[in-house]
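Chain and residue survey
Chain residues, written in single-letter form:
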Amino acid sequence: MTSLDAARAELGLLVLYLNKAEARDKICRAIQYGSKFLSNGQPGTAQNVDKSTSLARKVFRLLKFVNDLHALISPPAQGTPLPLIFLGKSKNALLSTFLFLDQIVWAGRTGIYKNKERAELLGRISLFCWMGSSTCTTLIELAELGRLSASLKKLEKELKQSDKNQNEQYLKKIKQSNDRSLALVKASMDIVVAFGLLQLAPKKVTPRVTGAFGFLSSLISCYQLLPSPPPKAKTP
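Since we're looking at a predicted model, the values are computed, not measured.

1. Examining the nonpolar core
One finds Leu 95, Phe 98, Leu 99, Trp 130 and Met 131 to be the most contacted residues of the largest nonpolar core, which totals 13 residues. Counting only elements with at least two residues in this core, the list comes to α5 (82-110), α6 (116-158) and α7 (168-198).

Written as structure tokens, this is what we have:
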């Protein structure tokens, strides 16, 4: 493969990535919270970027609540423990409610919905729903990591006489563990962000702290959405 072919393949992956509405939303999210960190809640250019990007992102999420509504009414995967099913469905219900109410908030901020007080109230309720869904995600990831850890220990015992790093099933479980650990970190950060947006602890979770956690959480989301590179061709 020539350098031009390699560059073309990399650009193709970038185009594939940027064509995802979710990826564009998370890039805008990083800009939004990065601006919040810089402004620290003070008027100026950074705060204007924060507010305008926040409003623009709401357009990306129009009708997105349907995704979690569909997941809510879909049957769970076979073998999933009942507590995890309950947490998963609770997460879907809370996230779907957040996304639905967020559309009313957008309508209020654009002037379509005239009752500003009710729009602000629904905005706070939606943030509580988002915080609840992030809490459910945190608990789910903790439980799934525990299940994966037990599964890995069992597999390691079975592979004592062989090289586990050459075992496809073992490597797959390690990747799942790493992915879930990253998702756990992101969900935990989002809880802090929700605290900051709701101003539940204004002295500790300042706009700068909220911006920092939101920015790091957004970078993790951007990373999670990266497309997998094509498999390398085996040399004869």
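2. Considerations on the packing of α6 against α7
Direction vectors running N to C along α6 and α7 enclose 155°, while the axes themselves pass 8 Å from each other. Of the possible angle classes, the one that applies to α6 and α7 is roughly antiparallel. Here the hand of the crossing between α6 and α7 comes out left-handed. Counted by class, the contact of α6 with α7 contains 20 nonpolar, 10 polar and 7 charged residues.

3. Considering the environment of Ser 217
Mapped onto the elements of the fold, Ser 217 is located in helix α8 (residues 207-224). Residues Ser 217 and Val 185, spaced 32 residues apart in sequence, show a C-alpha to C-alpha distance of 8.1 Å. Leave out the neighbours within four places in its chain, and Ser 217 touches Arg 29, Lys 186, Met 189 and Asp 190. A polar side-chain atom of Ser 217 sits 2.6 Å from a polar atom in the side chain of Asp 190.

4. With respect to the confidence of the model for the protein chain
Counting all residues, the mean pLDDT for the protein chain is 89, and 96% of those residues have values of 70 or more. Averaged pLDDT values for the elements of the protein chain fall to 80 in helix α1 (residues 3-18) and rise to 96 in α8.

5. Topic: the packing of aromatic side chains
Any two aromatic rings considered together are summarised by their centre-to-centre distance and by the angle between their planes. Applying the stated criterion across every chain, the model contains 2 aromatic pairs. Their ring planes at 75° and their centres at 5.3 Å tell us that Phe 65 and Phe 100 sit as a pair that is edge-to-face. Within this pair, whereas Phe 65 is found in helix α4 (residues 65-73), its partner Phe 100 is found in helix α5, the two being separated by 35 residues in sequence. By relative accessible area, Phe 65 is classed as buried at 16%. Using a relative accessible area of 40% as the deciding quantity, one classes Phe 100 as partly exposed. Judged by centre distance (6.1 Å) and plane angle (25°), the ring pair of Phe 98 and Trp 130 falls under stacked. Taken as a pair, Phe 98 in helix α5 and Trp 130 in helix α6 lie far apart in primary sequence, 32 residues in all. The ring of Phe 37 is capped by Arg 208, whose NZ or CZ atom sits 5.1 Å from the centre of that ring.

Rules behind the numbers
- Residues numbered from 1 in each chain as written.
- Predicted model: local features only at pLDDT ≥ 70, side-chain atom pairs only at ≥ 80, totals over all residues.
- Heavy atoms only, no water.
- Core = buried A, V, L, I, M, F, W, Y, C linked by side-chain atoms within 4.5 Å.
- Buried < 20%, exposed > 50% of the residue type's maximum accessible area, 1.4 Å probe, protein only.
- Helix = DSSP H or I, 4+ residues; strand = E, 2+ residues; numbered from the N terminus.
- Axes fitted to C-alpha atoms, helices over the stretch in contact; angles between N-to-C directions.
- Parallel < 35°, antiparallel > 145°, perpendicular 65-115°, else oblique.
- Left-handed = near helix turned anticlockwise from the far one by under 90°.
- Nonpolar A, V, L, I, M, F, W, Y, C, P; charged D, E, K, R; others polar.
- Contact = heavy atoms within 4.5 Å.
- Polar contact = N/O pair within 3.5 Å; in protein donor to acceptor, adjacent residues only side chain to side chain.
- pLDDT = per-residue confidence, 0-100.
- Phe/Tyr/Trp six-rings, centres within 6.5 Å; stacked < 30°, edge-to-face > 60°.
- Lys NZ or Arg CZ within 6 Å of the ring centre and 35° of its normal.

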